[in-house]
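A structural walkthrough
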Amino acid sequence: MTTKALALGTALAAATALPAVAQESWTMTSTWPSSLELIETDRHFVELANALTGDELQIEFFEGGALVPAGEVFGAVESGTIQAGADWPGYWAGRDSAFSPLATTPALFNAVDYVNWIQQWGGAELYDEIYGQFGMVYLPYGVTNNESGFRTSDPIRNLDDLQGKRLRLSGLEQGRLLERLGGNQVSMAGGEIYQSLERGVIDGAEFSTPNVDWSAGFQQVTDYWATPGWHQSASIFGVMINQQAWDALSEETQRKLEIAAEATLLWSLAFTEKRATEAYAKFQEEVEINRYDDETLEQIQQMANEVIVETACENPNSAKVYLSMVEYLNDYAKWRDASAPYNLGRTPNGPDVEALRECAG
């Protein structure tokens, strides 16, 4: 063998031994810093997606704030500056109020309702329709059940205790509902809540599920916890993908990302419920936990229904989303109620479907 042939053979062998280079490489960031446990769902999706796509696509993931501020993740994906961004849709309600019910609902959906609706009752198509108006594809991949509720320095045991309270609360419908109940909404980023509670700038705050609230240290600056969290009966999280980046993938790779999202959605429910249970036990040792009675919760439900219809009717997109949600609830109620109490949650006495249908056009 000649020296030239030997060198060529050695080079080919070395090239074969090298790991395959991904055909596509994406940059993805989150709205969550590493200090908040919500980021674990984002990481789980990325790890699973990378394992499934192999050398077809590799996603490099950065925690919230590492590339762009959390509030700029939407714009970064929309413009194509990055290919993907993990989010909670409610952050973008200022762009279109339909993002609000795509993220959470006051006193309406539980986590299983969101999963049912997304997977089988047309919800997934509505995420793509609303995000598609901004040049993005959306894969819902995270769900948490009922959020904690208000954490305060003075106890909130009933609606009288809400009167005049300055409470950090996110969400358009949620803020209107709180004000109707007698409180005052204060908007602020999650990272500002701890110090605002510590300094008495606000009377109380909600943020997320018990495990996330524990990771934020709220037990150190509050003495009371009012449950349940009627303001967000469940929440959805997912990944925004730039449309051009998505279109550049093969159909097979796209399907693998969808599979990773579907698997993560189921994983997130069990993971967050286990972690919330563990955190609840820890909170019991640190704060006084109070629960609203059933009569109070029914009052809240009726006011929530009014606020949902009122807000939905201001925007046809929002009305379309809420209409689909309430149609699902009414449809599923036939079987859910028949199988009670051995079923998946409750059928809420929800908003007027005909009023929503009229507003949806």
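Values in this document were obtained by computation on a predicted structure and should not be read as measured data.

Across its full length, the protein chain holds 14 helices and 11 strands. The C-alpha radius of gyration of the protein chain comes to 23 Å, within 12% of the 21 Å expected for a compact globule of 361 residues. Dimensions of the protein chain, computed from the C-alpha atoms along their principal axes, are close to 95 × 45 × 40 Å. Every one of the 361 residues in the protein chain was classed for burial, and the buried ones make up 51%. Of the roughly 15900 Å² that the protein chain leaves accessible, carbon and sulfur atoms contribute 51%.

Enumeration according to the criterion identifies one disulfide in this entry. One disulfide in the model links Cys313 with Cys359; its S-S distance is 1.8 Å. Here Cys313 and Cys359 share a disulfide; its torsion about the S-S bond, 85°, makes the bridge right-handed. Remark: Cys359 occurs in helix α14 (residues 353–360) and Cys313 occurs in the loop between α12 (294–312) and α13 (316–338); sequence separation between them is 46 residues. Using a relative accessible area of 35% as the deciding quantity, one classes Cys313 as partly exposed. Among the residues examined, Cys359 registers a relative accessible area of 25% and is labelled partly exposed.

It is worth spelling out the sheet that holds strand β6 (residues 166–168) at this point. If you trace the six strands from one edge of the open sheet to the other, you get β7-β6-β8-β5-β9-β11, paired in mixed fashion. A strand with exactly one partner marks an edge of an open sheet, and here the two such strands are β7 (184–186) and β11 (288–291). Where β6 and β7 come together, three bridges link them in parallel fashion. Looking across to β7, one finds that Leu167 is bridged to Gln185.

Taken residue by residue, the protein chain gives an average pLDDT of 93. The fraction at 70 or more is 94%. Throughout residues 1–21 the model reports pLDDT below 50, and contacts reaching past four residues in sequence, or to other chains, amount to three contacts.

Cut-offs applied
Residues numbered from 1 in each chain as written. Predicted model: local features only at pLDDT ≥ 70, side-chain atom pairs only at ≥ 80, totals over all residues. Heavy atoms only, no water. Helix = DSSP H or I, 4+ residues; strand = E, 2+ residues; numbered from the N terminus. Rg over C-alpha atoms; globule rule 2.2 N^0.38 Å. Buried < 20%, exposed > 50% of the residue type's maximum accessible area, 1.4 Å probe, protein only. Areas by Shrake-Rupley, 256 points an atom, 1.4 Å probe, with all protein chains shown as cover. Disulfide = S-S within 2.5 Å. Pairing = 2+ DSSP bridges. pLDDT = per-residue confidence, 0-100. Contact = heavy atoms within 4.5 Å.

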